[in-house]
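Here are the chains, one letter per residue:
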Amino acid sequence: DTGVSQDPRHKITKRGQNVTFRCDPISEHNRLYWYRQTLGQGPEFLTYFQNEAQLEKSRLLSDRFSAERPKGSFSTLEIQRTEQGDSAMYLCASSFGQGTQPQHFGDGTRLSIL
Amino acid sequence: GENVEQHPSTLSVQEGDSAVIKCTYSDSASNYFPWYKQELGKRPQLIIDIRSNVGEKKDQRIAVTLNKTAKHFSLHITETQPEDSAVYFCAAKAGTYKYIFGTGTRLKVLA
């Protein structure tokens, strides 16, 4: 099964540290999404890439968050100067082609801020 | 702003009974509505979706209905089984790329 993979699965860090997560989408998928999910809530949209271009970014995404998809394949999400409120599950999803196609999610990276 | 409301937040049914989860969306331009099932500690998995040009879609024991006028869509699971126990999320596509998710429904199927 060559689904969406995310690394690491878990990350524990101290407040104020920087963290970086990686997402490898399904190989032929040109669209990539990042979401944040907190306990008891649905996934919250963070940002969207079509190939290497970041086409949409949530207004909720502070300037401490940055995402890249340099070659249109894998993507990284970096959080600088982490805060307690950043503790959450960070989910990546990908989809293929033009128009509206179903998204396929990865298992996520669970971030815990001490 | 865009919003998706989902009800109920928890739902318990006896095995073999039906379960219905309802969502309401705010953006009248939304044209795609997926439903996801998420088991504890696992990834959300797409179980069914519907586009705005269709009123109903069925896949075995799962069906989704859409009322565009009321901006309302529902998930129906018939003949529920214990393995249907999970959290279910509805979502609506808002704008060109963004998806708004509901807050989830925890379904418990009692054997």
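Our structure's up above, just so we're on the same page.
Residues numbered from 1 in each chain as written. Chains lettered and ligands numbered in written order. Predicted model: local features only at pLDDT ≥ 70, side-chain atom pairs only at ≥ 80, totals over all residues. Heavy atoms only, no water.

Visitor: Just checking my understanding: could you explain the pairing of strand 3 (residues 19–25) of chain B for this structure?
Guide: Two faces belong to every sheet, and in a regular strand the side chains alternate between them. Residues and elements named next belong to chain B. Judged by which residues are buried, strand 3 turns out to be one-sided: Ala-19, Ile-21, Cys-23 and Tyr-25 face inward and are buried, whereas Val-20, Lys-22 and Thr-24, on the alternate face, are not. In this structure, strand 1 (residues 4–7) lies alongside strand 3, joined through 4 bridges in antiparallel fashion. The residue bridging Glu-5 from the neighbouring strand is Thr-24, located in strand 3. (Buried < 20%, exposed > 50% of the residue type's maximum accessible area, 1.4 Å probe, protein only. Helix = DSSP H or I, 4+ residues; strand = E, 2+ residues; numbered from the N terminus. Pairing = 2+ DSSP bridges.)

Visitor: In this structure, what is going on with the layout of surface pockets? I would like to understand it.
Guide: Summary: where empty space remains is shown by rolling a probe the size of a single water molecule over the atoms. By volume, the largest pocket is sized at about 510 Å³. Forming the boundary of the largest pocket are 26 residues, of which A:Gln37, A:Leu39, A:Gly40, B:Gln38 and B:Arg106 lie nearest the centre. Secondary structure elements with two or more residues in the lining of the largest pocket: strand 9 (88–95) of chain A together with strand 9 (86–94) and strand 11 (105–110) of chain B. For the lining of the largest pocket, the residue count by class is 8 nonpolar, 12 polar and 6 charged. Within this model, the second largest pocket holds a volume of roughly 250 Å³. Lining the second largest pocket are 13 residues; nearest its centre among them are A:Glu44, A:Phe45, A:Leu60, B:Lys98 and B:Ile100. (1 Å grid on protein atoms, 1.4 Å probe; cavity = no way out; pocket = protein on both sides within 12 Å on 5 of 7 lines; lining within 4 Å. Points joined across faces, edges and corners; volume = space filled by probe spheres on them. Nonpolar A, V, L, I, M, F, W, Y, C, P; charged D, E, K, R; others polar.)

Visitor: Explain the state of the cysteines here, please?
Guide: Where two cysteines share a covalent bond between their sulfur atoms, that bond is called a disulfide. Residues and elements named next belong to chain B. Under the defined criterion, the tally for this structure stands at 2 disulfides over all chains. There is a disulfide in this structure between Cys-23 and Cys-90, and the S-S distance comes to 1.9 Å. Because the torsion about its S-S bond is -100°, the bridge between Cys-23 and Cys-90 counts as left-handed. Separated by 67 residues along the polypeptide, Cys-23 in strand 3 and Cys-90 in strand 9 bring together distant segments of the chain. Here Cys-23 and Cys-90 have matching classes, each one buried. (Disulfide = S-S within 2.5 Å.)

Visitor: So what exactly am I meant to see when it comes to the interface of chain A and chain B here?
Guide: Where interface size is given, it is often the accessible area lost as the parts come together that is meant. Listed as interface residues are 22 residues of chain A and, on the opposing side, 18 residues of chain B. Approximately 1,900 Å² of surface area, both sides summed, lies buried where chain A meets chain B, with 50% of it carried by carbon and sulfur atoms. Joining chain A to chain B, the criterion identifies 1 salt bridge. A salt bridge links B:Arg43 to A:Asp107; its shortest N-O distance comes to 2.8 Å. Taken together, the elements giving at least two residues each to the side of chain A that touches chain B come down to strand 4 (31–37), strand 5 (44–50) and strand 6 (53–57) of chain A. Among the residues forming the side of chain A that touches chain B, the class breakdown is 10 nonpolar, 9 polar and 3 charged. (Contact = heavy atoms within 4.5 Å. Buried area = accessible area lost by both parts, 1.4 Å probe. Salt bridge = Lys/Arg side-chain N within 4 Å of Asp/Glu carboxyl O.)

Visitor: Would you explain the environment of B:Ser52 in this entry?
Guide: Residues and elements named next belong to chain B. Secondary-structure assignment places Ser-52 in the loop between strand 5 (45–51) and strand 6 (56–59). Expressed as a C-alpha distance, the spacing of Ser-52 and Asn-67, which sit 15 residues apart in the sequence, is 8.8 Å. If we ignore the near neighbours within four places in the chain, the residues touching Ser-52 are Ser-30, Asn-31, Phe-33, Leu-66 and Lys-68.

Visitor: What is the right way to read unusual backbone geometry from this model?
Guide: Most peptide bonds take the trans form, and the phi angle of most residues other than glycine is negative. Cis geometry marks the peptide bond from A:Asp7 to A:Pro8, where omega comes out at -5°. Following the sequence through the fold, A:Pro8 ends up in the loop between strand 1 (5–7) and strand 2 (10–13). The omega torsion of the bond from B:His7 to B:Pro8 falls at -5°, within 30 degrees of zero and hence cis. You can see B:Pro8 is positioned in the loop between strand 1 and strand 2 (10–14). Even without glycine at this site, B:Gln60 takes up a positive phi of about 55°. Its location among the elements puts B:Gln60 in the loop between strand 6 and strand 7 (62–67).

Visitor: Please clarify how the sheet that holds strand 3 (residues 19–24) of chain A should be interpreted in this entry.
Guide: Residues and elements named next belong to chain A. The 4 strands are arranged 1-3-8-7 in an open sheet whose pairing can be described as antiparallel. Two strands bound the open sheet, and with one partner strand each, they are strand 1 and strand 7 (65–68). Across the sheet, the axes of successive neighbouring strands diverge by a mean angle of 15°, strand direction being ignored. Relative to strand 8 (residues 75–79), strand 3 runs antiparallel, the two being bridged by 5 bridges. Bridged to Cys-23 within strand 8 is Ser-75. (Axes fitted to C-alpha atoms, helices over the stretch in contact; angles between N-to-C directions.)

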